[in-house]
Amino acid sequence: MLMVLLLCAGCSSLEIANYSSSTHLHSVVINKPRGLIYIGGSNALLQLDTDLNHIETLNRGPFHYASTCGLNDSCPEGTLKDNEFKILELIQGKNYLLACGTSYQGICSFHSLSNISNYIIIGGDTKSQFVGSRKSSLVHYLPFGEKDLLYVFQEYDGRDFAFSPQVMSLRELATTSTASTMKLLVNNTIVSQFSAFDIMWKYKQEYFMQFVYTFEYEKHLYIVMNQQKDVATKDSIRIKIGRLCLAPDKDSLLRSYAEIELECKKGDTPYSFASSASMLNGTLFISASRLQDSDDKKVDQTAGSLLCAESMDMVTSAFTEVYSMCLLYPDPKKASMVDWNRNKNLSCRQDSVS
Ligand SMILES: *[C@@H]1O[C@H](CO)[C@@H](O)[C@H](O)[C@H]1NC(C)=O
Ligand SMILES: *[C@@H]1O[C@H](CO)[C@@H](O)[C@H](O)[C@H]1NC(C)=O
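Residues numbered from 1 in each chain as written. Chains lettered and ligands numbered in written order. Predicted model: local features only at pLDDT ≥ 70, side-chain atom pairs only at ≥ 80, totals over all residues. Heavy atoms only, no water.

1. Section: the sheet that holds strand 11 (residues 108-112)
What counts here: By this definition, two strands are paired if DSSP reports at least two bridges between them. Each helix is a run of H or I in the DSSP string that is no shorter than four residues. Each strand is a run of E no shorter than two, and both are numbered from the N terminus. Here, axes are lines fitted to C-alpha atoms. For helices the fit covers the stretch in contact, and angles between N-to-C directions go from 0 to 180 degrees.
Strands sit in the order 9-10-11-12 across an open sheet of four strands; the sheet is antiparallel. The open sheet is flanked by strand 9 (87-91) and strand 12 (119-121), the only strands paired with a single partner. Within this sheet the neighbouring strands show an average axis-to-axis angle of 20°, counted without direction. Looking at chain direction, strand 11 and strand 12 are connected through three bridges and run antiparallel. In the strand pairing of strand 12, H111 is matched with Y119.

This is how it looks when you write it as structure tokens:
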């Protein structure tokens, strides 16, 4: 159970409205012009007004899951799993709410903003309509001219490779009056050009790469991750930040991607697992923990957590240095993170300890 609290801005006295739900809640989107709030939960989407009065609930899930079941399978061999709606995004261009759960390998749906119970499922080709992950996944919506584009980060969650999109991709949403699809912006199998890249298949099942936070800053898209140091050292997890040019016309194949390591330390002790991150007014904040056991990624609660902060100016200049070291962009076919991790250590300033 989780409670949503809303402060009444502009009121002379402080009023707090509250709404409590019997389901786990994951994501919240506020639609100010319409005065509506949408919430993604476990097996449900909720629609409230800004006074937190309940308007509509759409129940979707639990559904049968097995790693080998696709979109159209009833999946009798699977087990019932909750459908976790962790991704909600307002698609301004089309005036829809995009919602992605974890069921059916992470398919998404478009919902009417006035009533979330009116929706359509988003189709595509074999895999590029899957967004949700039973581990981590994040999206960044980019309206681009007439196009609605989505940068998608999806952690591999053990599914059959037939349903596994690349870990990072750029997709286009297309809607007609009857159907909606999500596909890679560029998918040219003949010349092997894709607006996506992946961990090499032989490592994909094992390689740890968890997506924590994505944000836009000065025409670039950043992604904060927990990632193993390299292919060989599985037990060595680092906080990394990746960067892409937010220019789908000039960089449709995501060749501008580079990443650097972020260090968050208390004295000499590294806190190398990011639990959350946030960028505010040009400063990146990361709350970091220590891992008790890198194999099962259990956080050591006794070590507490560290809040690190770094100015985006520093992050930007570290990336500029990385780019100048590698003037040539790599061949996109080889552009898997495992192939070309470019490391540049960047120390986070230690601001406070809790
Ligand atoms: C939303 O749409 C559903 C299905 O069309 C309908 O049953 C429900 O009453 C509508 N809810 C509201 C608040 O209009
Ligand atoms: C690219 O398009 C082909 C044909 O439509 C499809 O089978 C394939 O899954 C697509 N690739 C990706 C990575 O989405």
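2. What to know about the state of the cysteines
Short version of the rule: Note that a disulfide, as used here, is simply two cysteine sulfur atoms within 2.5 Å. Burial classes follow relative accessibility: with a 1.4 Å probe on protein chains only, a residue under 20% of its type's maximum area counts as buried, one over 50% as exposed, and anything between as partly exposed.
Taken as a whole and judged by the stated rule, the model has three disulfides. Here C100 connects covalently by a disulfide to C108, the sulfurs 2.1 Å from one another. A torsion of 100° about the S-S bond marks the disulfide between C100 and C108 as right-handed. Here the two residues C100 and C108 agree in accessibility, since each one is buried. Each disulfide pairs two cysteine sulfurs, and for C264 the partner residue is C308, the sulfurs being separated by 1.8 Å. Between C264 and C308 the disulfide shows an S-S torsion of about 95°. By sign, it is right-handed. With C264 in the loop between strand 23 (258-263) and strand 24 (265-266) and C308 in strand 30 (residues 305-311), the pair connects residues that are 44 residues apart, well separated along the chain.

3. Side note on unusual backbone geometry
A cis amide bond links G61 with the next residue in sequence, P62, at an omega value of 0°. Topologically, P62 is positioned in the loop between strand 6 (54-59) and strand 7 (63-65). A positive phi is found at E218, a non-glycine position, where the angle reads about 45°. Mapping E218 onto the fold places it in the loop between strand 20 (209-217) and strand 21 (220-228).

4. Observations concerning empty space enclosed by the protein
Gaps left between atoms show up when a probe the size of a water molecule is rolled over them. Our working definition: Method remark: on a 1 Å grid restricted to protein atoms, a set of points is classed as a cavity if a 1.4 Å probe fits but cannot get out and as a pocket if it is open with protein on both sides within 12 Å along at least five of seven lines; lining residues have an atom within 4 Å of a point. Grid points are joined across faces, edges and corners, and a volume is the space filled by probe spheres set on the points. As a working rule, the residues Ala, Val, Leu, Ile, Met, Phe, Trp, Tyr, Cys and Pro are called nonpolar, Asp, Glu, Lys and Arg charged, and the rest polar, with Gly in that last group.
In total, this model carries two cavities of 30 Å³ or more according to the counting rule given. Of the volumes computed, that of the largest cavity is approximately 60 Å³. Taken together, R60, N83, F85, G101, S103, Y104, I107, C108, S109 and I121 form the lining of the largest cavity. When grouped by side-chain class, the residues that make up the lining of the largest cavity number five nonpolar, four polar and one charged. Along the lines of polarity and charge, the residues of the lining of the second largest cavity split into five nonpolar, three polar and one charged.

5. Quick look at the layout of surface pockets
Empty space within the second largest pocket amounts to approximately 290 Å³. Every residue lining the second largest pocket is counted, 18 residues in all, and those nearest its centre are S236, I237, R238, P270 and S272. Every element with two or more residues in the lining of the second largest pocket is listed here: strand 22 (237-245) and strand 23. Of the residues belonging to the lining of the second largest pocket, the class tally is eight nonpolar, four polar and six charged.

6. As for the side chain of H220
Note the threshold: Polar contacts, as counted here, are pairs of nitrogen or oxygen atoms within 3.5 Å of one another; within protein the pair requires one atom able to donate a hydrogen and one able to accept it, and residues that are adjacent in sequence qualify only if both atoms are side-chain atoms. By definition, residues are in contact when any of their heavy atoms lie within 4.5 Å.
Secondary-structure assignment places H220 in strand 21. Of note is the side chain of H220, whose polar atom sits 3.0 Å from the backbone oxygen of E218. Once you skip the residues sitting within four places of it in the chain, H220 turns out to touch F215, R243, L244, C245 and L246.

7. Here we look at the site of ligand 1
Applicable threshold: By convention in these notes, a residue is near a molecule or strand provided one of its non-hydrogen atoms lies within 4 Å of it. Here, Shrake-Rupley sampling with a 1.4 Å probe gives the accessible areas, and only protein chains in the shown set may cover a residue.
In the region of ligand 1, the neighbouring residues are I55, E56, N115, S117 and N118. Here an oxygen atom of ligand 1 sits 2.3 Å away from a polar atom, N or O, in the side chain of N115. Taking N118, its side chain carries an N or O atom lying 3.1 Å from an oxygen atom of ligand 1. In isolation ligand 1 has 360 Å² of accessible area, and contact with the protein removes 40% of it. The residue inventory of the shell around ligand 1, partitioned by class, reads one nonpolar, three polar and one charged.

8. So, the sheet that holds strand 5 (residues 44-49)
Overall, antiparallel pairing links the four strands, which are arranged 3-4-5-6 in an open sheet. In this open sheet, the two strands that pair with only one neighbour each are strand 3 (25-31) and strand 6. The average angle at which neighbouring strand axes cross in this sheet is 15°, direction not considered. Relative to strand 6, strand 5 runs antiparallel, the two sharing five bridges. Considered in strand 6, the bridge of Q47 is made with E56.

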